[in-house]
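The lines below spell out each chain.
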Amino acid sequence: GAAFRDSEKLPFRGMREEGDKVVSVYDNGILRAEVFRELTHDALKERYVFTNVSKAPLYFGRGDLGILATFNDDYAGADECIRRRCSAHVWCGGGNSWVRAVKMGSFPTELALVLNEGSLDWYSVRRIAAEGSNDRGDIVLHPDPLVLQPGETAAVAWTLAAYDAKGGFNAALLRHGGAVVEFDEETIFPDELFQISIAEPDGKVRRETRAPEKGVGEYAFEFRLADGRIARATGFCSPAFDDLVRARVRFIVEKQQ
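In what follows, the accompanying structure is described. (Residues numbered from 1 in each chain as written. Predicted model: local features only at pLDDT ≥ 70, side-chain atom pairs only at ≥ 80, totals over all residues. Heavy atoms only, no water.)

Section: the packing of aromatic side chains
So, step 1. In total, this model carries 11 aromatic pairs according to the counting rule given.
So, step 2. Taken together, a centroid distance of 6.5 Å and an interplanar angle of 50 degrees make the contact between Phe221 and Phe223 tilted. Each member of the pair, Phe221 as well as Phe223, carries the same accessibility label: buried.
So, step 3. Each residue in the set Phe183, Phe194, Tyr219, Phe221 and Phe223 is aromatic and connected to the rest through ring pairs, giving one cluster.
So, step 4. Taking the ring centre of Phe107 as reference, the NZ or CZ of Lys103 above it sits at 3.6 Å. (Phe/Tyr/Trp six-rings, centres within 6.5 Å; stacked < 30°, edge-to-face > 60°. Buried < 20%, exposed > 50% of the residue type's maximum accessible area, 1.4 Å probe, protein only. Lys NZ or Arg CZ within 6 Å of the ring centre and 35° of its normal.)

Take a look at the structure:
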């Protein structure tokens, strides 16, 4: 897996046209990546197909396989940032993954990246350390860990689209094939329940209730979407309010006075 952490280890081999699509090909004799790109009337669609072209299985652990999205996070000064930079909010939640890019200054539109195929596990940042805080780096999106047998393929696809900020991000997410998983309250107390709604592009919304069966702590939930993908979301069960206040006061008295 480490051999694929650096994009230079998967060199560009050429491009071709397939109907309305342009295909870029990357291949190092072990792994081949074909990137299919298509412009529609309101979006850019990208599909990344990874193929094991070797004679042995390929094992990709967490973070071994990554796609430079790329949302470059550098700061060139306030005036430049307000006009030409955005804050990229990234959620890698399996089948309901997305990126919401919001302009730092006032602007009527926002940009959404909406996952349509595959599953994203997490993200990392590739940065230039010498640039310090003015260069936060390039965001890398990581598919779930996987094993590719010889000749086997795996794919990740998403849609990139601008949308009217007044219409709301969730509406854009559903319009472009994403799912919306929302908690009534992400943080609850031990005597409460997690109340969760799952909205899908077909307009259907279902409600689910989950109990904090293990008491205080973080809860990782999974929900199966209509297309078979698994959406992930995380909630937290807090200590009872009186216990939380008591512990906080004790910490202040013992540690901060």
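From this point on, the discussion continues.
What about the pattern of salt bridges?
So, step 1. According to the stated counting rule, one finds 20 salt bridges in the structure shown.
So, step 2. Between Asp27 and Arg32 there is a salt bridge, with its nearest N and O atoms 2.9 Å apart.
So, step 3. The closest approach of N and O atoms between Glu46 and Arg37, which form a salt bridge, is 2.8 Å.
So, step 4. Taking the relative accessible area as the measure of exposure, Glu46 reaches 7% and is therefore buried.
So, step 5. Three or more residues are tied together by salt bridges with common partners; here these are Asp79, Glu80, Arg83, Arg84 and Arg85. (Salt bridge = Lys/Arg side-chain N within 4 Å of Asp/Glu carboxyl O.)

A word on the sheet that holds strand S2 (residues 21-27)
So, step 1. Overall, antiparallel pairing links the 8 strands, which are arranged S1-S2-S3-S4-S13-S9-S8-S7 in an open sheet. Each of the sheet's edge strands pairs with one partner strand only, and the pair in question is strand S1 (12-18) and strand S7 (86-91). Across this sheet, the average inter-strand angle for adjacent strands is 15 degrees, counted without regard to direction.
So, step 2. Across 8 bridges, strand S9 (residues 109-117) lies against strand S13 (residues 153-164) in antiparallel orientation. The partner of Glu110 across the bridge, within S13, is Tyr163. (Pairing = 2+ DSSP bridges. Helix = DSSP H or I, 4+ residues; strand = E, 2+ residues; numbered from the N terminus. Axes fitted to C-alpha atoms, helices over the stretch in contact; angles between N-to-C directions.)

With respect to the nonpolar core
So, step 1. Counting residues in hydrophobic clusters, the biggest one holds 26 residues, and the most contacted among them are Leu31, Phe50, Phe71, Leu141 and Trp158.
So, step 2. Not counting the four nearest positions on each side in its chain, Trp158 is found in contact with Leu44, Lys45, Glu46, Tyr48, Ile67, Leu113, Val114, Leu115, Asn116 and Leu141. (Core = buried A, V, L, I, M, F, W, Y, C linked by side-chain atoms within 4.5 Å. Contact = heavy atoms within 4.5 Å.)

With respect to the sheet that holds strand S17 (residues 205-210)
So, step 1. Pairing is antiparallel in the open sheet, where 3 strands are placed in the order S14-S16-S17. With partners counted over all chains shown, the strands left at the sheet margins are strand S14 (180-183) and S17, one partner each. Across the sheet, the mean angle separating the axes of adjacent strands is 20 degrees when strand polarity is ignored.
So, step 2. Note: S14 against strand S16 (residues 194-199), 4 bridges, orientation antiparallel. Counterpart to Phe183 in the pairing with S16 is Ile196.

Structural notes on the environment of Leu193
So, step 1. As for its placement among the helices and strands, Leu193 is situated in the loop between strand S15 (187-188) and S16.
So, step 2. Its relative accessible area of 42% is what places Leu193 among the partly exposed residues.
So, step 3. Taking the C-alpha atoms as reference, Leu193 lies 9.2 Å from Cys237; in sequence the two are 44 residues apart.
So, step 4. Contacts of Leu193, omitting those with residues within four sequence positions, involve Ile188, Thr209, Arg210, Ala211 and Pro212.

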